[in-house]
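Report on the structure
Below, each chain spelled out in residue letters.
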Amino acid sequence: MSETASLIHLAEQVAQQPASDDLNRLTEQIRQLINEDFNALVSLLYRQDVSEHKLRALLAGQPEADSAVLITGLLVERMAQKIKSRQTFSRRDPSIPDEEKW
C-alpha cells in the first residue's frame, strides 16, 4: 500500500473510531509530510477535497497552534463527512426490482 493510501486508510479509521493512538500516529505522519514532502501533503489534501479556504482560515486564525494537529483535524473531519455521505447515499430502495437497478 502506498504512503498516501495508508494515510487515507488511517484517516478513515480515525474518523470512524477516534482512538488516540491512531490520531497521534496520523498527526505524526502529517507532521512528517509538512517537514519532508509538502507537495505530497498538498496532493493528499486536494485528493480528499479538504477545503483550502477553511484550512487557510484555520491556520491564520491560530498561528501559535501546531499546524499538524489542525491539518489532521480537518482531514479527519472531511473523512467523516465522506463516510456519512457514503452511508446516506448507498442505501438501496428495496422496492426497486433487481433488473431495474443500476
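The structure this text deals with has already been given above.
From a predicted model like this one, the values you see are computed outputs, not experimental measurements.

1. Notes on the packing of helix α4 (residues 52-61) against helix α5 (residues 67-89)
- Put simply, α4 and α5 touch, their axes get as near as 10 Å, and they point 150 degrees apart. Classed by the angle they form, the pair α4 and α5 counts as roughly antiparallel. For the pair α4 and α5, the sense of crossing is right-handed. Together, Lys54, Leu55, Leu58 and Leu59 of α4 and Ser67, Leu70, Ile71, Leu74 and Glu77 of α5 make up the contact between the two elements.

2. Points about the nonpolar core
- Ranked by size, the top nonpolar core spans 21 residues in total, and within it Leu26, Ile30, Leu44, Leu45 and Leu75 carry the most contacts.
- Sorting the residues of this core by element identifies α1 (3-16), α2 (20-36), α3 (38-47) and α5 as the ones contributing at least two each.
- Looking at this core element by element, the count peaks at 7 residues for α5.
- Not counting residues up to four positions away in its chain, the partners in contact with Leu45 are Val50, Leu55, Ile71 and Leu75.

3. Regarding α5
- Along its 23 residues, α5 runs 33 Å from first to last C-alpha, staying within 8% of the 33 Å computed at 1.5 Å per residue.
- All of the buried residues in α5 are Ala68, Leu70, Ile71, Thr72, Leu74, Leu75, Val76, Met79 and Ile83.
- The distance from a side-chain oxygen at the start of α5 to the backbone nitrogen of Ala68 is 3.0 Å, and the residue carrying that oxygen is Asp66.

4. Some thoughts on the environment of Val14
- In this structure, Val14 sits in helix α1.
- In this structure the C-alpha to C-alpha distance between Val14 and Ala57, which are 43 residues apart in sequence, comes to 23 Å.
- Among all residues touching Val14, those that are not within four sequence positions of it are Asp22, Leu23, Leu26 and Val76.

5. Digging into the side chain of Thr27
- The topology assignment puts Thr27 in helix α2.
- Among the polar contacts listed, one links the side chain of Thr27 to the backbone oxygen of Leu23, at a separation of 2.9 Å.
- Not counting the four nearest positions on each side in its chain, Thr27 is found in contact with Ala68, Val69 and Thr72.

Parameters at a glance
Residues numbered from 1 in each chain as written. Predicted model: local features only at pLDDT ≥ 70, side-chain atom pairs only at ≥ 80, totals over all residues. Heavy atoms only, no water. Axes fitted to C-alpha atoms, helices over the stretch in contact; angles between N-to-C directions. Helix = DSSP H or I, 4+ residues; strand = E, 2+ residues; numbered from the N terminus. Parallel < 35°, antiparallel > 145°, perpendicular 65-115°, else oblique. Left-handed = near helix turned anticlockwise from the far one by under 90°. Contact = heavy atoms within 4.5 Å. Core = buried A, V, L, I, M, F, W, Y, C linked by side-chain atoms within 4.5 Å. Buried < 20%, exposed > 50% of the residue type's maximum accessible area, 1.4 Å probe, protein only. Expected span 1.5 Å × (residues − 1). Polar contact = N/O pair within 3.5 Å; in protein donor to acceptor, adjacent residues only side chain to side chain.

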